[in-house]
Amino acid sequence: MTRPLSIAVVCFPGVGGSGVIASELARNLGHRGHRVIVLATGMPERLKLNGVRFEKIEVPVAPMFETAPYGLAVANHLIHLVRRESIDLIHLHYAIPHAASALVAAQVLGAAAPAMVVTLHGTDVTRLGPHPSLNPATAFALAKCDGITTPSQYLRSEAQTCFDLPDGRIEVISNFVDTTRFAPPPQRDRRVLEALFDEPSDGPLLFHVSNLRAVKRPLDLAEVVARLRTVNARMVVVGEGPERAALEARAKELGVTDAMRFLGSRNDFEGLLGHADGFVLPSESESFGVAALEALSCGVPVFGYQVGGLPEVVTSGVGTLVPLGDLDGLAAAILGGLRARDALGRAGRERATSMFRDDKVVASYEEYFQRVLASRGGS
Ligand code: GMT
């Protein structure tokens, strides 16, 4: 680290990966001596207990607003913050609407505006980015900000096309994992997960964590369990989301309700995850896949589809990715992976610690921030 910075972080507080990464990055930067303030409409789950300063963004409601003016509230909060105290850099997670909020704040603040860095996370590029109601202003705002990052090469390429950004404009800085918190248990014990089910069984124990949105294709989880009924596979599902009811209904139709356990939203799942035989992530799109990385770090092989940036995280020695929607292939890959479970798990842990350990990646962010500041003459 060169000099300590004052950094404001803007993120969505929900259970999604962008909020997880923003919170963990804020915590790590704080530990490395930077002054960090996180701004969001609520305290992000992963920020709780982490001792990072938090400010709530207030979004006014009024009878004439069909939807609250969140983007404008972010811009104004940033303006007040910068007028009140010294801020070197504002790091905004998720481009929509944060890139436009940053642009408005920078215009109002003029010469006093700090450096603005936007991290693109996924659907801000792949789903929302091309929307005519969002694209031109977001592309303009991104062109004006001081730095842009993506967590994968895949998302960089998509973002360049979507927002018409030139080569070299986007820095790839991967997502990361706390390899101490997400670590293999000293002794793998299948009874830890078996205890969650009514009946004991010797079948494979699978695990899934997500916010159960349609993009995660959660119904495929029940399909996979049904295809692995012959070996008595069971699955633990952590997370809450709009598709949970549909998933439970599909599990019932397929007769696998007893083989699936829904634990709801919880933040302490790492104590369970390491005892699983495999992690299943059947997303149809994933810019990176933080949940997959957390599984690798716990020494658990990952199985999913060849989509987006997932192949940059899950390589062939640490799990298997099959073509999107190939449920039979996915079930077969899990069965095959079980035979090499320990070797895959060891290689996954090694990959997580050597490539994606939090302190290494946070140092890359630090270096990038310093470069951005130097390029505008601020360091
Ligand atoms: O883009 C989203 O869907 C939101 C975001 C989130 O908040 O969950 O997820 C994305 O960002 C994560 C952190 O960078 C990535 O690990 C996820 O792969 C990515 N999700 C998608 O691309 C669908």
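These numbers come from a predicted model, not from an experiment. (Residues numbered from 1 in each chain as written. Predicted model: local features only at pLDDT ≥ 70, side-chain atom pairs only at ≥ 80, totals over all residues. Heavy atoms only, no water.)

(A) Molecular detail of the side chain of His34. Summarising the element assignment, His34 is placed in the loop between helix H1 (17–31) and strand S2 (35–40). Accessibility expressed as a relative area gives 5% for His34, which makes it buried. Of note is the side chain of His34, whose polar atom sits 2.9 Å from the backbone nitrogen of Leu5. Of the polar contacts made by the side chain of His34, one reaches the side chain of Glu366; its length is 2.7 Å. (Helix = DSSP H or I, 4+ residues; strand = E, 2+ residues; numbered from the N terminus. Buried < 20%, exposed > 50% of the residue type's maximum accessible area, 1.4 Å probe, protein only. Polar contact = N/O pair within 3.5 Å; in protein donor to acceptor, adjacent residues only side chain to side chain.)

(B) Focus on the nonpolar core. Counting 59 residues, the largest nonpolar core has Phe207, Leu273, Phe279, Val314 and Phe369 as the members making the most contacts within it. The element best represented in this core is helix H15 (residues 358–375), accounting for seven residues. The residues contacting Phe207, other than those within four sequence positions of it, are Leu193, Met235, Val236, Val238, Phe269, Leu272, Leu273, Ala276, Gly278, Phe279 and Val280. Within the second largest apolar cluster, 38 residues are counted, among which are Ile96, Ala102, Leu142 and Cys162. (Core = buried A, V, L, I, M, F, W, Y, C linked by side-chain atoms within 4.5 Å. Contact = heavy atoms within 4.5 Å.)

(C) Expanded view of the packing of helix H2 (residues 70–84) against helix H3 (residues 95–109). Running from N to C, H2 and H3 cross one another at 40°; their axes reach a closest spacing of 8 Å. By the angle between their directions, the pair H2 and H3 is classed as oblique. At the point where H2 passes H3, the crossing takes the right-handed sense. Where H2 abuts H3, its residues Tyr70, Gly71, Val74, Ala75, Leu78, Ile79, Val82 and Arg83 lie against Pro97, His98, Ser101, Val104, Ala105, Val108 and Leu109. (Axes fitted to C-alpha atoms, helices over the stretch in contact; angles between N-to-C directions. Parallel < 35°, antiparallel > 145°, perpendicular 65-115°, else oblique. Left-handed = near helix turned anticlockwise from the far one by under 90°.)

(D) Summary view of the packing of aromatic side chains. The final tally for this structure, using the stated rule, is five aromatic pairs. On the basis of an interplanar angle of 45° and a centroid distance of 5.9 Å, the ring pair of Phe182 and Phe269 is categorised as tilted. Taken together, the residues Phe182 in the loop between strand S7 (170–172) and helix H7 (191–194) and Phe269 in the loop between strand S10 (260–264) and helix H10 (270–273) connect sequence positions 87 residues apart. Plain terms: the ring middles of Tyr365 and Phe369 are 5.9 Å apart, the flat faces sit at 50° to each other, and that makes the pair tilted. Taken together, the positions of Tyr365 and Phe369, both in helix H15 and four residues apart, correspond to about one turn of that helix. Phe369 gets classed as buried once you look at its relative accessible area, which sits at 1%. Pairwise contacts between aromatic rings join Phe12, Tyr70 and Tyr94 into one cluster. A cation sits over an aromatic face here: Arg234 above Phe197, 4.7 Å from the ring centre. (Phe/Tyr/Trp six-rings, centres within 6.5 Å; stacked < 30°, edge-to-face > 60°. Lys NZ or Arg CZ within 6 Å of the ring centre and 35° of its normal.)

(E) How the structure looks around the sheet that holds S7. Spatially, S3-S2-S1-S4-S5-S6-S7 is the arrangement adopted by the seven strands of the open sheet, whose pairing is parallel. Here the strands that pair on one side only, and so sit at the sheet edges, are strand S3 (53–56) and S7. Within this sheet the neighbouring strands show an average axis-to-axis angle of 25°, counted without direction. The pairing of strand S1 (residues 6–10) with S2 spans five bridges and is classified as parallel. Note on S2: the bridge partner recorded for Ala8 is Ile37. Docked against the sheet, H2 engages S1, S2, S3 and strand S4 (89–93), running at close to 130° with respect to S3. Those strands touched by H15 are S1, S4, strand S5 (115–119), strand S6 (147–150) and S7, and its axis lies near 140° from that of S5. (Pairing = 2+ DSSP bridges.)

(F) Representation of a nonpolar patch on the surface within the structure. A contiguous nonpolar surface patch, about 240 Å² in accessible area, is contributed by Leu72, Val104 and Val108. Looking at the secondary structure, you find Val104 in helix H3. On the basis of relative accessibility, which here comes to 37%, the residue Val104 falls in the partly exposed class. (Patch = residues over 30% accessible without salt bridge, like charges linked within 9 Å, V, L, I, M, F, W, Y side chains within 5 Å. Areas by Shrake-Rupley, 256 points an atom, 1.4 Å probe, with all protein chains shown as cover. Salt bridge = Lys/Arg side-chain N within 4 Å of Asp/Glu carboxyl O.)

(G) Expanded view of the site of the ligand. In the vicinity of the ligand, 16 residues are found, and the nearest of them are Gly17, Ser18, His121, Thr123 and Glu286. Between the ligand and His121 there is a distance of 2.6 Å, counted from an oxygen atom to a side-chain nitrogen or oxygen. Contact distances for the ligand include 2.6 Å between an oxygen atom and a backbone N or O atom of Thr123. With the chains in place, 95% of the 480 Å² that the ligand exposes on its own is no longer accessible. (Near = heavy atom within 4 Å.)

(H) A look at helix H11 (residues 290–297). The buried fraction of H11 amounts to eight of the eight residues, a majority that puts the element mostly inside the structure. All of the buried residues along H11 are Val290, Ala291, Ala292, Leu293, Glu294, Ala295, Leu296 and Ser297. Note on H11: the residue one or two positions beyond its end, Gly299, has a positive phi of about 80°.

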